[in-house]
Amino acid sequence: MCLRSTLLLMGVAIHAAPGYAETDKGDVAAGSALQEAAPPGVIAPAAHAEEIVVTAARRGEAKVAAESEFGEEEIAAQGADSIQNLLTRLAPFIDGNGEEPVILINGKPAGFDQSILSYPAEALDRLAVLKPEAAARYGEPAGKRVVNLVLKKNFSMLNADAGADFATGGGQYGGSLSVRRTAISGDTRWNVQARVGADSAFRKSARNIPPREGVFDSIGFIAAPGGGEIDPALSLAAGQVVTVAAIPPNAVTGIPGLDDFAATAGRLHPVDPNRYEMLQPSRRTAGLNIGVTRPIGDFSASLNLSANQSSSEGERGLPMASVLLPAGHPSSPFAGDVVLTRPLSGERALRIGNRSTSLDATLTLNGSIGGWQTSLAASYSRNRADNVFENGIDIARVQQLIDAADPGFNPFGPWDDGLLISSRTRTKGENLSARLIVGKAIVDLPAGPLMWNLSAITGRNSTQSRQFDASGGLVTASSLMRSQSSGQMSVSIPVSRRGAERAGWLGDLAIDLTASAQTMTNSRAQKGFGGNVGWSPWPIVQLRGGVDFAENAPSFDQLDAPILTTVNRIFDYARQEVAEPIWITGGNPDLKRGRRRNLMLTAMVRPLGGQVLTLNFGYRQSVAKGGLAAFPELTPAIEAAFPERVTRDAAGRLVAVDARAINMARDSDSDLSTGIAFRLDGAGKPGVANGDPMQFSLSINHRMRLSDELLTRAGVPVIDQLREGGQSRHNVSAQASLGKRGIGASLNGSWSSSGRLRGGGANSAGGFVFKPPLTVNLSAFVEPGRLIDAWKKNGAIGDLRLSIDVQNLFNGYRRVTLDDGAVPAGYSRDEIDPIGRTVRVTLRKAF
């Protein structure tokens, strides 16, 4: 007989302490206090002689108390298909900055294994957002939020998902299909998921976008140099003055005569160049993920294997060439020189393609060794990427073949791909990493245990890259190998605890101290340290402040990621026109280390107690020197600071941009943030199950940027991003959701204030005004089998979920004007956001 039954027979009242089994989920703060006050499994005396309070830690509880918690009913009301989708929908309640949180599974670090994110949301018993000090406890940088995913003790599901999406303006559509099997039995679980997806190409011709300048003809034609009559003899044969003549059909295989060109005199075969250009390439994806977790002695072991493949194929225009066909050439029947203008081979467009495959394996062990809570994770990944980029016809080589009267080259026949200016890059990489996290309570202080935690991570990355030209000849080859190791030590010191005999009047007060170090191949050690203070003078108020200093080294990806060459459509402020330059991304081995200092002050107030109403306030300041940054928008100031990253032709047109990561001399910014979160169920009290209560949540967050200054290089002017860099000072985001098991909907949106960019080129004395739209997204779901009893056992409708997601509901776009209100070229509705509103419909069937 269990202890509970024995005590009930004895007539003893039993109360489950908040924070444990049978707890009221609405009072997370109270549960956390009792969790620290009474160790699990202790029977503590209560206020009345006949009352005994039995405390037992809830399954999957983390080492750090929860700041907020979402129970099973609230999770079901979101209608999320996976845990990844659930985290996205709950992002405003997790981290107002939108950063991805650190994941725990049943209170233990997930390590490198992210397969838990593909589990169905129904597998969760609860989701807890831990207090900010949890980051240091689990070996993560200060400021990262930590989420504990507590799985159900027993769960099983086989489901298939089919989705279709499309742009309401037409021109683009896609679809996906996935099959997933998930099973949980106590501490053993496994998950298998296979998925495929495809997106169609999105062509320029689907929108009202001005075509690029130039002559585009699907067959080709001849004309006189400088215009005018081609040849009097040709005009005589045609019976009219001929200034242009199409390439005759028989010229493809033989030598044409004047009569052949006379038959095509005055004919052209013009085409719309937008038909051969894609704003988005077609894409294909496929993936398989297998994960299993089970106890091994005192440890829990997780093994995850995954394989992924993706490819994209795009077109970037019809390649045209104009060459001089001199008089006397074997293929020319004309008395004088003529200009031949033609495509490469009919309507064959320039191609751009990427294909990548990856294989990953992770192993995670969690357990206790000699009283030390230990987490050990290892990861191995292998990837390969192929990139093909065609840039146009090699006109110089064609002209050489014509001038040499090469007998094997027909100027009028199909040209092979060997006459293209193109490159093919093949990259292979391997990464091996290991991570260890240990922690233990080393001293019992009056306010609680002093916790010591250590995390260490080491990794080795190798990359091989080869670049080939159009003929398959090797142009460049490189091979790199780097090793990186880092460690972080943290100490959590409880100073005061509410209700303790000593200094209990201070409330809850704790200090977290961290120190870290990092080394990399060919680089000396980088050091970092920081401290955070958390104070809760009253249960409804939590104050926190922190500062950290760190020397940052670039990551493996920032240094050695495969070079990817694409085409990006941007506005060229220097020439006041839309440009489509070659866009180069990937690793930059020339990156240097930098330093960063962060200051953070936050306050959280829950005036009604529990989680019904939460008010958040924050101040953040960051200063980086020599810091690492993604390549910013190509404004005149950025181009002046990094001229070697920008390539222009003789006419000043933008040709290529090296958009790999850069080092900034100094980057400083500060902001104030405020937020309000309101959560309520149908019973008026969060977390209390009452049948299927309706769940309502609302969050509103506002961020005001106080300063944002950028010094790209020493000796150049500082860029004030808020006054002249086009950045918005204010940003507001909101989300509201209403639902229960079986039906629900959510609405989220964001708005930013106008920004101003100091102009360049002809508009150097003026500027551009950016007016971001009010972007609203809508999501809704329905499960007919849960709403209508007669359908529950229907094989087709039972356990069926229909979801719809609408992005950019009002079809808004960022408006751009000059100071005088005029809209500059390249900033029409279709040019700024050609996709516009999109709709996705998903059907999920559980078996």
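Predicted, not measured: the structure shown is a model, and the values here were computed from it. (Residues numbered from 1 in each chain as written. Predicted model: local features only at pLDDT ≥ 70, side-chain atom pairs only at ≥ 80, totals over all residues. Heavy atoms only, no water.)

1. Considerations on the overall build of the protein
Looking only at helices and strands, the protein features 13 helices and 46 strands. Relative to its full complement of 847 residues, the protein shows a buried share of 45%. The long-range fraction of contacts in the protein, counting pairs at least 24 apart against all pairs at least 6 apart in sequence, stands at 70%. For the protein, the exposed area adds up to about 39,400 Å²; of that, 57% sits on carbon and sulfur atoms. (Helix = DSSP H or I, 4+ residues; strand = E, 2+ residues; numbered from the N terminus. Buried < 20%, exposed > 50% of the residue type's maximum accessible area, 1.4 Å probe, protein only. Contact = heavy atoms within 4.5 Å. Areas by Shrake-Rupley, 256 points an atom, 1.4 Å probe, with all protein chains shown as cover.)

2. Quick look at a nonpolar patch on the surface
Taken together, Trp190, Leu288, Ile290, Val292, Leu303, Leu305 and Leu363 make up a surface patch of nonpolar side chains, about 560 Å² in accessible area. A total of 3 residues in the nonpolar patch trace back to one element, the largest contributor, which is strand β16 (residues 282–296). (Patch = residues over 30% accessible without salt bridge, like charges linked within 9 Å, V, L, I, M, F, W, Y side chains within 5 Å. Salt bridge = Lys/Arg side-chain N within 4 Å of Asp/Glu carboxyl O.)

3. Considerations on the confidence of the model for the protein
For the protein, per-residue confidence averages 86 on the pLDDT scale, and 90% of positions sit at 70 or higher. Contacts for the low-pLDDT stretch residues 1–50, under 50 throughout, to residues beyond four places or in other chains number 86 contacts. (pLDDT = per-residue confidence, 0-100.)

4. Focus: the pattern of salt bridges
Applying the stated criterion to the full structure yields 49 salt bridges. A salt bridge links arginine 145 to glutamate 67, with the nearest nitrogen and oxygen atoms 3.1 Å apart. Taken as a pair, arginine 145 in the loop between α6 (134–137) and β8 (146–151) and glutamate 67 in strand β4 (residues 66–70) lie far apart in primary sequence, 78 residues in all. With relative accessibility at 13%, the residue arginine 145 sits in the buried group. When its relative accessible area of 12% is taken as the criterion, glutamate 67 is described as buried.

5. Brief notes about the nonpolar core
Of all hydrophobic cores here, the largest spans 28 residues; its most connected members are Ile83, Leu87, Ile103, Ile116, Leu124, Leu127 and Leu149. Every element with two or more residues in this core is listed here: α4 (83–89), α5 (91–94), β5 (102–105), β7 (124–130), β8 and β9 (154–167). In contact with isoleucine 83, not counting residues within four places along its chain, are Ile116, Leu117, Tyr119, Pro120, Ala121, Leu124 and Leu149. If you look at the next biggest cluster of nonpolar residues, it comprises 27 residues, including Leu234, Val242, Ala245 and Val398. (Core = buried A, V, L, I, M, F, W, Y, C linked by side-chain atoms within 4.5 Å.)

6. Notes on the side chain of arginine 189
Structurally, the position occupied by arginine 189 is in strand β11 (residues 188–199). One buried charged residue, arginine 189, forms no salt bridge at all, with the nearest opposite charge on aspartate 113 at 5.5 Å. Those residues within four positions of arginine 189 in sequence are excluded, and the remaining contacts are Ile105, Asn106, Tyr119, Leu151, Ala183, Ile184, Gly291, Val292, Thr293 and Ser302. (Lys, Arg positive; Asp, Glu negative; His and termini not counted.)

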